[in-house]
Amino acid sequence: MYSKGKRVGDGFFLALSVFLSQANIEQHHGGPFGAVIVEFEDGLDAHGKGLGKPRVIGVGTNHVVPHHDPCAHTEIEALRDAAKRQDFSDVRGCVLYTSCECCPMCLSVANGSGISRIVSVNTRGQAEAIGFSDQLQYDLFRLPPHQHMTWMNRLEEGKRQDLLDKLSEHGAMVLDHKGDVFAYGDVDTSRDPTGIASINAVRKAVKKHADHQKQKGNQEPVFCSPDGWTLVSRDIPHPSDLILADWARMLRHRDHANPENPAFDGKTPDPLRILHVTMTYEQLPVMDRHGCVHVHQDAHVTYQQPTLPDALRAVLTQHSRGRVVSSAAQEVFQAWKDGTREGKQVRY
């Protein structure tokens, strides 16, 4: 595959990401998405191209349904895999190859993890055509913050103090529809780039809810929260968690006639579903191979990235122009669409 002085092109790793996406639907693990993270022995050139011998340090596919985890998207699973293999979470200088354009949650985590370049095959529009739309999530970043979250100083004093007492020393918590604490979250991103407090709170809450449903004999896939849950974060949640909360169906009111179908959820977020104590942004720190902790991108900057064109983003973001790999990726999407029509795919 590699000989000194030769360069392994993007097409090889993009083809690998497409192969992973195909395997994922064949194994009924989740959606048609795959990703690979590659480190190059001599780093990257000025255009983000790898120099020297490449090494795959992480692979990922979509595991939202089997893991009961609305955060288990392909790119994040690849970043988690890289952190597990390396025993640290910093992936600065690496390239993320993915079979489809990132959703804003995955884009935000990739930015914070130190990824230097993102290359994708299928587009968001092609994903929307087979039932995976993230337009509403991208649209959240065009809204002023007060339209999708609330600073707790704006709450009545008694309500604010009650929430502070419940939060105690924790970084975040999820409240159920009664206002009782369902799960806490605290930060540990040393070996998981998604281990920030707000994400941990949402993930723990959804997994706990899934376990409860399983104990009751409910065999339906559970990867969202019940209606009426609230995320309380000490700091303004990292943009990845803003989107995670939305993927978990916490942000929007549900249609009373179709409460189980997210397609009927309200289009306008409820700002009282996410509350934050301070006006400081929650950061995404990662640990390098020497045990040093870094914040590669301030969360305030990360909030700006999804609305920017690719050419203006802080992390170099590109789409594949290779005909063969693009055709293969489209075939995987078509296979998913055909299988969904026939009732053969994992149900979301």
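About the thresholds
Residue numbering note: each chain is counted from 1, following its sequence as written. In keeping with the predicted nature of the model, local features appear solely for residues at pLDDT of at least 70, side-chain atom pairs appear and are counted solely at 80 or more, and the whole-chain, interface and lining totals rest on all residues. Remark: hydrogens and water are excluded; side-chain values derive from all non-hydrogen atoms of the structure. For helices the rule is a DSSP run of H or I covering at least 4 residues; for strands it is a run of E covering at least 2, with both sets numbered from the N terminus onward. The atom set for the radius of gyration is the C-alpha atoms, and the globule formula is 2.2 Å times the number of residues raised to the power 0.38. With a 1.4 Å probe rolled over the protein chains alone, any residue whose accessible area is under 20% of its type maximum counts as buried; one over 50% counts as exposed, and the rest are partly exposed. Only when DSSP finds a minimum of two bridges between them are two strands counted as paired. Two residues form a contact once any of their heavy atoms are found within 4.5 Å. Interaxial angles span 0 to 180 degrees and are taken between N-to-C directions of axes, which are lines fitted to C-alpha atoms, for helices over the stretch in contact. Working definition: a ring pair exists when centres of Phe, Tyr or Trp rings (six-membered ring for Trp) sit within 6.5 Å. Plane angles under 30 degrees give stacked, over 60 give edge-to-face, the rest tilted. Placement of a charge over a ring requires the Lys NZ or Arg CZ to be within 6 Å of the ring centre, with the centre-to-atom vector within 35 degrees of the ring normal. Orientation categories follow fixed angle ranges, with anything under 35 degrees roughly parallel, anything over 145 roughly antiparallel, 65 to 115 roughly perpendicular, and all other angles oblique. Each crossing gets its hand from how the near helix is turned against the far one by less than a right angle, where anticlockwise is left-handed and clockwise is right-handed. Polarity classes work like this: nonpolar for Ala, Val, Leu, Ile, Met, Phe, Trp, Tyr, Cys and Pro, charged for Asp, Glu, Lys and Arg, and polar for all others, with Gly in that last group. Method remark: on a 1 Å grid restricted to protein atoms, a set of points is classed as a cavity if a 1.4 Å probe fits but cannot get out and as a pocket if it is open with protein on both sides within 12 Å along at least five of seven lines; lining residues have an atom within 4 Å of a point. Grid points are joined across faces, edges and corners, and a volume is the space filled by probe spheres set on the points.

If you tally the helices and strands in the protein, you get ten helices and twelve strands. In terms of overall dimensions, the protein is globule-like: its C-alpha atoms have a radius of gyration of 20 Å, near the 20 Å expected for 348 residues. By principal-axis analysis of the C-alpha atoms, the protein measures approximately 70 × 50 × 35 Å. The buried share among the 348 residues of the protein stands at 53%.

Looking at the element boundaries, H47 is found in the loop between strand 1 (34-40) and strand 2 (54-61). On a C-alpha basis, the gap between H47 and L316 in space is 8.6 Å, while along the polypeptide they are 269 residues apart.

On to the sheet that holds strand 7 (residues 181-185), then. One open sheet holds the five strands; their spatial order is 5-9-8-6-7, and the pairing between them is mixed. At either end of the open sheet lies a strand with only one pairing partner, and these are strand 5 (150-151) and strand 7. Two strands pair when backbone bridges link them, and strand 8 (residues 230-233) and strand 9 (residues 274-276) are joined in this way by three bridges, in the parallel orientation. Residue S233 lies in a different strand from strand 9, and its bridge partner there is H276. Lying on the sheet, helix 6 (residues 157-167) is in contact with strand 6 (172-175), strand 7, strand 8 and strand 9; it crosses strand 6 at an angle near 115°.

Strands sit in the order 2-1-3-4-12 across an open sheet of five strands; the sheet is mixed. Of all the strands in the sheet, just strand 2 and strand 12 (316-319) have a single pairing partner and so form its edges. Adjacent strand axes in the sheet meet at a mean angle of 20°, parallel and antiparallel pairs treated alike. Where strand 3 (residues 95-100) and strand 4 (residues 117-122) come together, five bridges link them in parallel fashion. Residue T98 lies in a different strand from strand 4, and its bridge partner there is S120. With respect to the sheet, helix 2 (residues 74-86) is in contact with strand 1, strand 2 and strand 3, its orientation differing from that of strand 2 by roughly 130°. Relative to the sheet, helix 10 (residues 323-341) contacts strand 3 and strand 4, its axis offset from that of strand 4 by approximately 60°.

Within the structure shown, the criterion is met by nine aromatic pairs. For the pair F13 and F40, a centre-to-centre distance of 6.2 Å together with 90° between the ring planes defines the contact as edge-to-face. One end of the pair, F13, is in helix 1 (residues 10-26); the other, F40, is in strand 1, with 27 residues separating them in the sequence. On the accessibility criterion, F13 (2% relative accessible area) is buried. Between F182 and W229 the ring centres are 4.7 Å apart and the planes differ by 40°, which places this aromatic pair in the tilted class. Linking F182 in strand 7 with W229 in the loop between helix 7 (197-215) and strand 8, this pair joins segments that are 47 residues apart in sequence. Of the two residues, F182 and W229, neither departs from the other in class, the shared state being buried. Taken together, F12, F13, F40 and Y97 form an aromatic cluster joined through their ring pairs. Here the basic side chain of R124 rests over the ring of Y138, its NZ or CZ set 3.7 Å away from the ring centre.

Helices that pack against each other are described as a pair by the angle of their axes relative to one another and the distance between those axes. Interhelical geometry of helix 3 (residues 104-113) versus helix 8 (residues 239-247) gives an angle of 155° and a closest axis separation of 8 Å. Put simply, helix 3 runs roughly antiparallel to helix 8. Considering only the axes of helix 3 and helix 8, their crossing is left-handed. Across the interface between the two elements, P104, M105, S108 and V109 from helix 3 touch P239, S240, I243, L244 and W247 from helix 8. Looking at the contact of helix 3 with helix 8, its residues break down into seven nonpolar, two polar and no charged.

With that out of the way, let us pick up the layout of surface pockets. Roughly 290 Å³ of volume is contained in the second largest pocket. P145, H146, H148, Y281 and Y303 are, among the 18 residues lining the second largest pocket, the residues nearest its centre. When grouped by side-chain class, the residues that make up the lining of the second largest pocket number eleven nonpolar, six polar and one charged.

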